[in-house]
Amino acid sequence: MIFTSFASAETAVKVNSESHNLLNGLANAGIVVQLLLLSMIALSVWNWLIILKKKNQFAEISKKNAAFLEVFWKSPNLQQIHSQIDPHKESPLAKVFSSGYEEIERSIQQQGTSLSTGMENLERTLRKVHDDEIEQLESQLSVLATTGSTAPFIGLLGTVIGIMNSFQDIAQSGSASLAVVAPGISEALFATAVGLFAAIPAVVFYNYLINKIKKFENQLNGFNSDFLNIARRNFFKTPST
């Protein structure tokens, strides 16, 4: 028991000593490596803020879309849906509906508008709102994609610079001892680790969020088709001869 306690204490001392040496090594790293490390750490923090923001945003959108669809399919007509739209105005589906409904009203008021022209205008309106909503969902995801593709190379650049510094230290001291080589190797490996630490979550969550957006896009496409069918049957129906 006493031997185990001594062993644990010795291990803790070694870990603290190694951590202290690592921090000293980073503090003594070259200015270029330090700038690269700081840029990747800042980029990683920015990525996590975007990830958390998008996850919360998408969760809210799912709830709001579900609530609006329940109202949409339970209402007997489009006028009643439009009268109840305010509580659901943040839903992308509700935004599509509002724009489409307003376009239908404009077509009805313009009595000279042909049925085909009215349907074309409605399709164009729905497509525009659809594209705007998808663009809004995809906003800031380019930061994750950029981080995932560039952070490993930034880390690799820091690694190369750290190794170059090690060789310079060897040349200046004329010795290849661990004390001479270790600082440069330490900053080189740390740069690689920071690059991967920034890149891996960015790639994983970028793919996760893109899949979420594809599901929202499929939902929007399905709703657009349903709305166009309803509009065609009720407002742009070709008169029977």
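Q: Tell me about the pattern of salt bridges, and name the residues and values.
A: If you walk through the whole model with that rule in mind, you get five salt bridges. Here E133 and K95 are joined by a salt bridge, their closest N and O atoms 3.7 Å apart. Here the residue E133 occupies a position in helix α5 (residues 115–138), and K95 occupies one in helix α4 (residues 92–109), the gap between them amounting to 38 residues. According to the relative accessible area criterion, K95 is partly exposed, its value standing at 30%.

Q: Summarise the packing of aromatic side chains; cite the residues concerned and give the values.
A: The geometry of an aromatic ring pair is captured by the separation of the ring centres together with the interplanar angle, meaning the angle of the planes. In the structure shown here, the tally under the stated rule is 12 aromatic pairs. Between F72 and W73 the ring centres are 4.9 Å apart and the planes differ by 85 degrees, which places this aromatic pair in the edge-to-face class.

Q: So what about the side chain of Q57? Which residues, and what values?
A: Here Q57 lies in helix α2 (residues 31–74). Look at Q57 and you get buried, because its relative accessible area is 18%. Beyond its immediate stretch of four places on either side in the chain, Q57 contacts Q136 and L137.

Q: Kindly report on the confidence of the model for the chain, identifying the contributing residues and their values.
A: On average, residues of the chain score 81 in pLDDT, and 76% of them reach the 70 mark or higher. By mean pLDDT, helix α1 (residues 2–27) is the weakest element of the chain at 47, and α2 is the strongest at 90. Long-range and interchain partners of residues 1–15, a stretch whose pLDDT sits below 50, account for zero contacts in this model, where long-range means more than four residues apart.

Parameters at a glance
Residues numbered from 1 in each chain as written. Predicted model: local features only at pLDDT ≥ 70, side-chain atom pairs only at ≥ 80, totals over all residues. Heavy atoms only, no water. Salt bridge = Lys/Arg side-chain N within 4 Å of Asp/Glu carboxyl O. Helix = DSSP H or I, 4+ residues; strand = E, 2+ residues; numbered from the N terminus. Buried < 20%, exposed > 50% of the residue type's maximum accessible area, 1.4 Å probe, protein only. Phe/Tyr/Trp six-rings, centres within 6.5 Å; stacked < 30°, edge-to-face > 60°. Contact = heavy atoms within 4.5 Å. pLDDT = per-residue confidence, 0-100.

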